[in-house]
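Breakdown of the fold
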Amino acid sequence: MVLEIVTGIDSTMRRMETSMEKRLDDLKQDFLTVSARVRTLENQASDVNKKLSDCETSCQGVSNLFDQVSGQVKTNRRNINNHDTRIKKLEDNTIVRPGVPPFIESKEIESLKAAILDFQCRSMKNNLIFTGLHRVPGEDTEEHSKPWYNRKCSMSRTFFHKARKRYSFLKNAENRRKMRQASKEHKITLNKAFENYQQRAADELRIISKKDTKALWKILNTLNDS
């Protein structure tokens, strides 16, 4: 009888131990599952914090860029206002009051007279021919007869004459080439000097026509009378 009771108690204890072990295993499994979920949530929270930090950095960058753009806009606005003020001042200064013609120097008038006279001489169909004039040796007549003839023209002409004399003294291919090159450079120098002179004269006529038309007509009438 006692043996049966002890055996029953032992069986009951074994069943209880087995049940407790099973429950402990279930609890352990649940704990592991909860731990895994906690780690997942921690990783997700870390990612969220990182993204939040990136968003804050981006917002700060956008804010800095906006401040720079705003400062540049203010600077451009000030520059535009300054330019508007300067333009208004220039417009006020360029207004010519009626009845008060600007002063024109006599040197400018003489220069314009010489330019117009040169143009008239070149546009004449029948050129005058003078004979019996005394020729001075070594005199550069072009310098006196052509107002556009400058120092560069004289130097290139001298260089060309030297090259021509050198070729006349010793005729060979090298001296011939140098003479042709000097002649070409002399023509280029003359054409350039004449074009510059024409441009300056045209600019001066244009300027004086804007300043004082009476002075311009006075110059033209003087040239026509002469």
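Per chain, the residues get numbers from 1 upward, laid out in the order the sequence is written. The model is predicted, so local features are restricted to residues of pLDDT at least 70 and side-chain atom pairs to those at 80 or more, both for listing and for counting; the totals for chains, interfaces and linings are taken over all residues. Calculated side-chain values reflect all of the structure's heavy atoms, with hydrogen atoms and water omitted.

Some thoughts on the side chain of His186
Tracing the chain through its elements places His186 in helix α5 (residues 173–211). By relative accessible area, which is 9% here, His186 ends up buried. Here, residues are in contact when the closest pair of their heavy atoms is within 4.5 Å. When sequence neighbours within four positions are dropped, the list of residues in contact with His186 reads Cys153, Ser156, Arg157 and Phe160. Counting from the N terminus, the helices are DSSP H or I runs at least four residues long and the strands are E runs at least two residues long. Whether a residue is buried, partly exposed or exposed follows from its accessible area with a 1.4 Å probe, protein chains only, as a fraction of its type maximum: under 20%, in between, or over 50%, in that order.

Description of a nonpolar patch on the surface
Candidates for patches are residues over 30% relative accessible area with no salt bridge; among them, like charges are joined within 9 Å and nonpolar side chains (Val, Leu, Ile, Met, Phe, Trp, Tyr) within 5 Å. Residue burial considers only the protein chains on display, and all accessible areas are found by Shrake-Rupley using a 1.4 Å probe. Salt bridges are defined by distance alone: a side-chain nitrogen of Lys or Arg within 4 Å of a carboxyl oxygen of Asp or Glu. Judged by side-chain polarity, Ile5, Ile9, Met13 and Met16 come together as a nonpolar surface patch covering roughly 390 Å² of accessible area. Relative to the elements of secondary structure, Ile5 occurs in helix α1 (residues 2–94). In this structure Ile5 comes out as partly exposed when scored by relative accessible area, which is 46%.

Comments concerning the packing of aromatic side chains
Aromatic rings from Phe, Tyr and Trp, with only the six-membered ring used for Trp, were paired whenever their centres fell within 6.5 Å, and each pair was classed as stacked if the ring planes differed by under 30 degrees, edge-to-face if by over 60, and tilted otherwise. In this structure the tally under the stated criterion is two aromatic pairs. When the ring of Trp148 is compared with that of Phe194, the centres are 5.5 Å apart and the planes differ by 75°; the resulting orientation is edge-to-face. Here the residue Trp148 occupies a position in the loop between α3 (141–145) and α4 (151–169), and Phe194 occupies one in helix α5, the gap between them amounting to 46 residues. We note that Trp148, like Phe194, is buried. Taken together, the ring pairs in this structure connect Trp148, Tyr149 and Phe194 into an aromatic cluster.

Observations regarding α5
A rise of 1.5 Å per residue sets the reference length of α5, with its 39 residues, at 57 Å; its end C-alpha atoms lie 57 Å apart and thus fit the reference within 8%. The complete set of buried residues in α5 reads Asn175, Met179, Ala182, Ser183, His186, Leu190, Ala193, Phe194, Tyr197, Ala201 and Ile208. Take the residue count of a helix, subtract one, and multiply by 1.5 Å to get its expected span.

As for the pattern of salt bridges
Evaluation of the coordinates by the stated rule reveals one salt bridge. Arg177 is the salt-bridge partner of Glu174, the closest N and O atoms lying 2.7 Å from each other. Linking Glu174 with Arg177, this pair stays in helix α5, spanning three residues, or about one helical turn.

A look at a negative patch on the surface
Residues Glu17, Glu21, Asp25, Asp26 and Asp30 make up a contiguous surface patch of negative charge. By relative accessible area, Asp30 is classed as partly exposed at 45%. In this tally, Lys and Arg are treated as positive and Asp and Glu as negative; His is ignored, and so are the chain termini. One atom stands in for each charge, and that atom is NZ of Lys, CZ of Arg, CG of Asp or CD of Glu.

Observations concerning the side chain of Ser156
With respect to the helices and strands, Ser156 occurs in helix α4. In this structure, Ser156 is in contact with His186 and Thr189, ignoring residues within four places of it in sequence.

Re the nonpolar core
In terms of nonpolar packing, the biggest core is built from seven residues, these being Trp148, Tyr149, Cys153, Leu190, Ala193, Phe194 and Tyr197. By residue number, the principal contributor to this core is α5, which donates four residues. Contacts of Leu190, omitting those with residues within four sequence positions, involve Trp148, Tyr149 and Cys153. Counting five residues, the second largest nonpolar core, distinct from the first, contains Ala163, Tyr167, Met179 and Ala182. Nonpolar core, defined: a set of buried Ala, Val, Leu, Ile, Met, Phe, Trp, Tyr and Cys residues in which side-chain atoms within 4.5 Å join the residues together.

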